[in-house]
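Chain by chain, the residues:
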Amino acid sequence: MSIRLNTFYNLMGSFVPLLSSLITIPLYIGLIGEARYGILAIVWLLLGYFGLFDLGLGRATAQKIAASRDASDKERADIFWTAFLLNLALGVLGGLLVWPISYYFFDAFFKVDEGLRLEIYNAIPWLVLALPIAILSGTLTGALQGRERFFELNLVSAIGTLIFQLMPLIVANYISVDLGYLLPSVLFARFLTVIALFQRCTRHIVLGYPVLFDYTKAMLLLRFGGWVTVTSIVGPLMVILDRIIIGSTLGAKAVTYYTVPFQLAERTALIPSALTSVLFPRFSVVNSTEDNILANQAMNILIVVMTPIIALCILFIKPFLIWWVGEEFADDSALVGQVLLFGFWVNGFARVPYAQLQARGKPGLVAKCHLFEVIPYFILLYFGLNNFGLMGAAIAFTFRVLIDFILLSSLAGSFSVLLRMLFIPLIFLVVGMYISHQISDINLFIVGYIIVYFLLFLAWVWWKAPQSIKNKLVNII
């Protein structure tokens, strides 16, 4: 199956829920009110983070099934059933732990009127039931990724997410806005998605083989997944804690000035994420020579696609912020956003060696890199905030992902090659940043400067683009 086509499926699978949320959020707020929507939003967030309870078994399942491509059908079925039963047990255990914690969390940290609090208490058992369903979803997704069934996976996931977002709206409009009705509808929508994913797995992996728990395979899955869990916790934790440190150092308003450009810059990660999730199962089965060739091709595609996107974002982030949230906000956030865009540009390339190392069965190296980065990052963040304000925070983030890229690419054996590949595009981005600070004083010289910049940039992109992309563009023109 084509890597480009599977990457396209992944992108569409990401864009459809994003677009639907833009439409449904105002409808939710108008129909159920801000307080209930806030509770529902937290439930959705928790359902996403419940994936941590699977101890990385989703990623481990993808790697083990992909690596067993040439093994027997029974071997893959045994891996699937072992991972499925492990996750089911973890889901039930996690649900029992979440039950009392949920009562404490909503009672101690949430300020709501007593009527709504009663609704929350009545709805918590449904949240507990949702945990094993959410965890099983990760294993089923990983199994289909391992078999490179990205079209079916993204089709089911996109439709499931639409149902997930729309069903509570239908219930609120026609039955009740009570959380005791809304949360069961959320759970039912997620359950439908899991059933559809399971059906796809029975067709492509299970193939009629009976349920079997293999202790040896379970230990291999847990060993791999344990390191993946470390990475899954450390990465988001650094992002969450940096907001807390910014708030405690510079105040709550500064968190907003940092978070908005951060979230905008973060959207650029959709493309490298879509590509590397497709590459992961391929990396799991190829030899070292093919692995390096595939990684270099992926990096070349990312350079050609990501660099122009990041350059445009750097050039126009300030005018966009002025239009979107106002000139005062843009003055405080635009430069921060530009530095963060550099960081996400580097981070996009780091995803390739990240996927390589995990696919080679070395998730421990990735996790150790991330653990190594934690203390230096927070020291640099604290120093940067106290000396340079929000710009210091943006520099600290960009420096951390740069170190992450250097460490991961060095461990993957590709740093020197990648450094040569990234030198010229980095120059284009720096020049673009310089031009962006001249746009406010627009004149014929600046306009000519921009035109020459883009002509040179487009010529370089065309020169570096793979021949297959050139042929498709020529055919379209």
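About the cut-offs
Residues numbered from 1 in each chain as written. Predicted model: local features only at pLDDT ≥ 70, side-chain atom pairs only at ≥ 80, totals over all residues. Heavy atoms only, no water. Helix = DSSP H or I, 4+ residues; strand = E, 2+ residues; numbered from the N terminus. Buried < 20%, exposed > 50% of the residue type's maximum accessible area, 1.4 Å probe, protein only. Contact = heavy atoms within 4.5 Å. Axes fitted to C-alpha atoms, helices over the stretch in contact; angles between N-to-C directions. Parallel < 35°, antiparallel > 145°, perpendicular 65-115°, else oblique. Nonpolar A, V, L, I, M, F, W, Y, C, P; charged D, E, K, R; others polar. Salt bridge = Lys/Arg side-chain N within 4 Å of Asp/Glu carboxyl O. Expected span 1.5 Å × (residues − 1). Patch = residues over 30% accessible without salt bridge, like charges linked within 9 Å, V, L, I, M, F, W, Y side chains within 5 Å. Areas by Shrake-Rupley, 256 points an atom, 1.4 Å probe, with all protein chains shown as cover. Phe/Tyr/Trp six-rings, centres within 6.5 Å; stacked < 30°, edge-to-face > 60°. Lys NZ or Arg CZ within 6 Å of the ring centre and 35° of its normal. 1 Å grid on protein atoms, 1.4 Å probe; cavity = no way out; pocket = protein on both sides within 12 Å on 5 of 7 lines; lining within 4 Å. Points joined across faces, edges and corners; volume = space filled by probe spheres on them. Lys, Arg positive; Asp, Glu negative; His and termini not counted. Polar contact = N/O pair within 3.5 Å; in protein donor to acceptor, adjacent residues only side chain to side chain. Bend = angle between axes of the 7 residues up to and from the residue. pLDDT = per-residue confidence, 0-100.

(A) Structural view of the overall build of the chain. For the chain, the count of helices and strands is 16 helices and 0 strands. Put simply, the chain has 477 residues, and 49% of those count as buried. Long-range contacts, defined here as pairs at least 24 residues apart, represent 83% of the contacts in the chain between residues at least 6 apart.

(B) Spatial organisation of the side chain of N154. Relative to the helices and strands, N154 is located in helix α5 (residues 150–174). Excluding anything up to four places from it in sequence, N154 contacts Y9, N10 and G13.

(C) The packing of helix α13 (residues 390–412) against helix α14 (residues 415–436), seen in detail. Relative to each other, α13 and α14 sit at 130°, their axes nearing to 8 Å. Taken together, α13 and α14 sit at an angle that is classed as oblique. Here α13 contributes F405, I406, S409 and S410 to the contact with α14, which in turn contributes F415, L418 and L422. Grouping the amino acids of the contact of α13 with α14 by side-chain chemistry returns 5 nonpolar, 2 polar and no charged.

(D) Just the pattern of salt bridges, in detail. According to the stated counting rule, one finds 9 salt bridges in the structure shown. Ionic pairing is found between D291 and R360, a salt bridge with its closest N-O pair at 2.8 Å. Of this pair, D291 sits in helix α10 (residues 288–325) while R360 sits in the loop between α11 (327–359) and α12 (363–388), and the two are 69 residues apart along the sequence. One salt bridge connects D331 with K318, and the closest N-O pair in it is separated by 3.4 Å. Of this pair, D331 sits in helix α11 while K318 sits in helix α10, and the two are 13 residues apart along the sequence. Residue classification places K318 among the partly exposed residues on the basis of a relative accessible area of 37%.

(E) Here's a closer look at helix α9 (residues 270–283). Given a rise of 1.5 Å per residue, 14 residues ought to cover 20 Å, and the 20 Å separating the end C-alpha atoms of α9 matches this to within 8%. In terms of residue burial, α9 counts as a mostly covered element, since 11 of its 14 residues are buried. Regarding α9, the residues found buried are P272, A274, L275, T276, S277, V278, L279, F280, P281, R282 and F283.

(F) Main features of a nonpolar patch on the surface. Together, L5, F8, M12, F15 and L19 give the surface a local cluster of nonpolar side chains, amounting to about 430 Å² of exposed area. On the secondary structure map, L5 appears in helix α1 (residues 3–49). Exposure remark for L5: the relative accessible area of 35% places this residue in the partly exposed category.

(G) Geometry of unusual backbone geometry. Although it is not a glycine, E148 adopts a positive phi angle of roughly 60°. Positionally, E148 belongs in the loop between α4 (114–146) and α5. Residues other than glycine seldom take positive phi values, yet L207 does so here, at roughly 55°. Mapped onto the secondary structure, L207 falls in the loop between α6 (179–206) and α7 (215–250).

(H) Main features of the environment of P281. With respect to the secondary-structure elements, P281 resides in helix α9. Given the relative accessible area of 2%, P281 is considered buried. With 212 residues separating them along the chain, P281 and R69 place their C-alpha atoms 9.4 Å apart. Sequence-distant contacts of P281, that is, excluding residues within four places in its chain, are made with A66, Q145, G146, E148 and F150.

(I) Highlighting the packing of aromatic side chains. Overall, the coordinates contain 16 aromatic pairs when judged by the stated rule. Considering the side-chain rings of F80 and W81, the 5.4 Å spacing of their centres and the 65° angle between planes classify their relative orientation as edge-to-face. One exposure class covers both F80 and W81, and it is buried. Through pairs of rings, three or more aromatic residues link up here, namely F80, W81, F84 and F198. The lysine or arginine in question, R59, covers the ring of F280, its NZ or CZ lying 3.8 Å from the ring centre.

(J) Region of interest: the layout of surface pockets. Considered as a void within the structure, the second largest pocket measures approximately 490 Å³ in volume. Around the second largest pocket sit 16 residues that line it, and Q263, L264, A265, R267 and F320 are the ones nearest its centre. Where the lining of the second largest pocket is concerned, the elements lending two or more residues are α1, α8 (252–266), α9 and α10. When residues of the lining of the second largest pocket are assigned to their parent elements, the largest contribution, 5 residues, is made by α10.

(K) Representation of the side chain of D404 in the model. Along the chain, D404 turns up in helix α13. Buried D404, no salt bridge; nearest opposite-charge side chain is R400, N-O distance 5.6 Å. Here the side chain of D404 touches H370 through a polar contact of 3.2 Å, side chain to side chain. If we skip the residues at most four places from it in the chain, D404 touches N347, A350, H370 and E373.

(L) Focus on α12. Here α12 contains 26 residues, and its C-alpha end-to-end distance of 35 Å stays within 8% of the 38 Å for a straight helix at 1.5 Å per residue. Helix geometry: α12 is bent most strongly at V374, by close to 30°, with proline P376 lying one to four residues after it. Three or more residues of α12 are buried, namely P363, G364, V366, A367, C369, H370, E373, Y377, F378, L381, G384 and L385. G389 lies just past α12 and shows a positive phi near 70°.

(M) How the structure looks around the environment of G361. Relative to the helices and strands, G361 is located in the loop between α11 and α12. Judged by relative accessible area, which is 39%, G361 ranks as partly exposed. Distance from G361 to S284, taken between C-alpha atoms, is 7.9 Å for residues 77 residues apart in sequence. Apart from residues no more than four positions distant in its own chain, G361 is found in contact with Q63 and F224.

(N) Expanded view of the confidence of the model for the chain. In the predicted model, the chain carries a mean pLDDT of 82, and 87% of its residues have values of at least 70. When pLDDT is averaged over each helix and strand of the chain, the minimum, 61, is found for helix α16 (residues 467–476) and the maximum, 92, for α13.

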